[in-house]
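# Reading the structure
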Amino acid sequence: MMPEQATQSVEAITALILEIFRLNGRLLAAGDKLVAGLALTSARWQVLGAIALAQAPEPVAHLARSMGLNRQGVQRIINELAEEGIVAFRDNPNHRRARLVVLTQKGSEVYAAASRLQQPWAQALAASIDVEDMREATLLLGRLRRRLEVDNGE
């Protein structure tokens, strides 16, 4: 039998995980709706964001790792975006087969348009939530993510 504090910890983390799953579903649905007019989905937007926010061009495997997603799924999305001229591949001086992914001019424009849509949406969403609460939640989620990365050998 587990001590009461351990039981409470398990119950609390389980409740948090379930709430994160529900939140993730709502965020994906809201994101899909928000960027539908740009011929994006939340998944495509997330990949564009990873490319746009990377310090330097990265191969698909690195982008996938930074998003916590599997390489095959990210590769499929990047291939679709490349067919549409939103991203392009560049030679990687460090690896012959792992080409680098970059935004094209069209990709930069699409990402900027999505960001313009996201700003007022995020502002409205955050309007009744204390800034410190959001910062604390971000820190907690970051700690949990890092724990999972360590536990999974990442």
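First, a word on scope: everything that follows refers to the structure included in this document. Bear in mind that the values here come from a model prediction, so they are computed numbers and not experimental data.

Turning our attention to the overall build of the chain. Tallying secondary structure elements over the chain gives 6 helices and 3 strands in all. Listed N to C, the secondary structure of the chain is α-α-β-α-α-β-β-α-α in terms of helices and strands. Considered along the principal axes of its C-alpha atoms, the chain spans approximately 55 × 40 × 25 Å. Counting all 154 residues of the chain, 22% fall into the buried class.

So, about the packing of helix α3 (residues 60–67) against helix α4 (residues 71–83). Interaxial distance between α3 and α4 falls to 9 Å at its minimum, and their mutual angle equals 115°. At the point where α3 passes α4, the crossing takes the right-handed sense. Contacts between α3 and α4 involve V60, A61, L63, A64 and M67 from the former and R71, V74, Q75 and I78 from the latter.

One finds V47, L48, I78 and V87 to be the most contacted residues of the largest nonpolar core, which totals 21 residues. Counting only elements with at least two residues in this core, the list comes to α2 (42–53), α3, α4 and α5 (105–126). With 5 residues, the single largest contributor to this core is α2. In contact with I78, other than residues within four places in its own chain, are V47, V60, L63, V87, F89 and V101.

This part is about the sheet that holds strand β3 (residues 100–103). As summarised here, the arrangement of the 3 strands in space is β1-β3-β2, forming an open sheet in which the pairing is antiparallel. Strands at the two margins of the open sheet, each flanked by one partner only, are β1 (58–59) and β2 (87–90). Of the strand pairs in this sheet, β1 and β3 are connected by 2 bridges, and their pairing is antiparallel. Looking at β3, one finds that P59 is bridged to L100.

Below, the discussion takes up the pattern of salt bridges. Tallied over the full model, the rule gives 7 salt bridges. We note a salt bridge from R44 to E84, for which the minimum N-O separation is 2.5 Å. Within this pair, whereas R44 is found in helix α2, its partner E84 is found in the loop between α4 and β2, the two being separated by 40 residues in sequence. In this structure R44 comes out as buried when scored by relative accessible area, which is 8%. Classification of E84 by relative accessible area gives partly exposed; the value is 33%. In this structure, the salt-bridge partner of R145 is E149, at a minimum N-O distance of 3.0 Å. Here R145 pairs with E149, and both are found in helix α6 (residues 131–151), just 4 residues apart, close to one helical turn. For E149, a relative accessible area of 23% corresponds to the partly exposed category. Shared partners join several salt bridges into a network, and the residues in it are R44, R76, E80 and E84.

Thresholds applied
Residues numbered from 1 in each chain as written. Predicted model: local features only at pLDDT ≥ 70, side-chain atom pairs only at ≥ 80, totals over all residues. Heavy atoms only, no water. Helix = DSSP H or I, 4+ residues; strand = E, 2+ residues; numbered from the N terminus. Buried < 20%, exposed > 50% of the residue type's maximum accessible area, 1.4 Å probe, protein only. Axes fitted to C-alpha atoms, helices over the stretch in contact; angles between N-to-C directions. Left-handed = near helix turned anticlockwise from the far one by under 90°. Contact = heavy atoms within 4.5 Å. Core = buried A, V, L, I, M, F, W, Y, C linked by side-chain atoms within 4.5 Å. Pairing = 2+ DSSP bridges. Salt bridge = Lys/Arg side-chain N within 4 Å of Asp/Glu carboxyl O.

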